[in-house]
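Breakdown of the fold
One letter stands for each residue in the lines below.
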Amino acid sequence: MSTTTSDEGSISSSCTSNSAAGTSQEKKYKGIRCRRWGKWVSEIRVPGTQERLWLGTFSTPEGAAMAHDVASYSLRGATSLSKLNFPSMLPPTARMDLSPRSIQKAASDAGMAMDARIIASRESTPNNEGLNVSVDDYL
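Residues numbered from 1 in each chain as written. Predicted model: local features only at pLDDT ≥ 70, side-chain atom pairs only at ≥ 80, totals over all residues. Heavy atoms only, no water.

1. Looking at the environment of R76
Its place among the elements puts R76 in helix 2 (residues 61-76). A relative accessible area of 34% places R76 in the partly exposed class. Considered as a pair, R76 and V46 are 30 residues apart in the sequence and their alpha carbons are 9.0 Å apart. When near neighbours in sequence (up to four residues on either side) are disregarded, R76 contacts I44, R45 and P47. At 3.3 Å, the side chain of R76 and the backbone oxygen of R45 are in polar contact. (Helix = DSSP H or I, 4+ residues; strand = E, 2+ residues; numbered from the N terminus. Buried < 20%, exposed > 50% of the residue type's maximum accessible area, 1.4 Å probe, protein only. Contact = heavy atoms within 4.5 Å. Polar contact = N/O pair within 3.5 Å; in protein donor to acceptor, adjacent residues only side chain to side chain.)

Set out below in structure tokens:
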């Protein structure tokens, strides 16, 4: 994964399929993958069916991973806690009594909030050092 700054000063995360760093980011978080053009995506299979829920496209791998966590917990319950990327950061919107459409929305919202916090933190921290994100920051 590489971080680039455009002339406007915005920061974006990107990856390439042949980049060793991009590959390690994909393996670091469960349930995400990187598109060729550098965006991160997440989807999850609904247990007991062949149906997949599309969770969204995100700027950061952490945002995509958070979306996957919310959906996984909402679909599988407490048994999934040991398999989550960020088990201590589940938002209150991650509940087990949601419809598939509501799970998609909750997961997408959590992922987008994580993206926003990480990007804001990168912009305010020189050289991307000291990233500190907590669950309270995006609720």
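2. Quick look at the packing of aromatic side chains
Applying the stated criterion across every chain yields a total of 1 aromatic pair. Consider the rings of Y29 and F86, whose centres lie 5.4 Å apart with planes at 45 degrees: the pair is tilted. Of this pair, Y29 sits in the loop between helix 1 (20-28) and strand 3 (32-34) while F86 is found in the loop between helix 2 and helix 3 (100-124), placing the two residues 57 residues apart along the sequence. Take Y29: its relative accessible area is 9%, and that puts it in the buried class. (Phe/Tyr/Trp six-rings, centres within 6.5 Å; stacked < 30°, edge-to-face > 60°.)

3. Some remarks on the environment of M66
Structurally, M66 can be placed in helix 2. A C-alpha to C-alpha distance of 9.3 Å links M66 and A113, two positions 47 residues apart in sequence.

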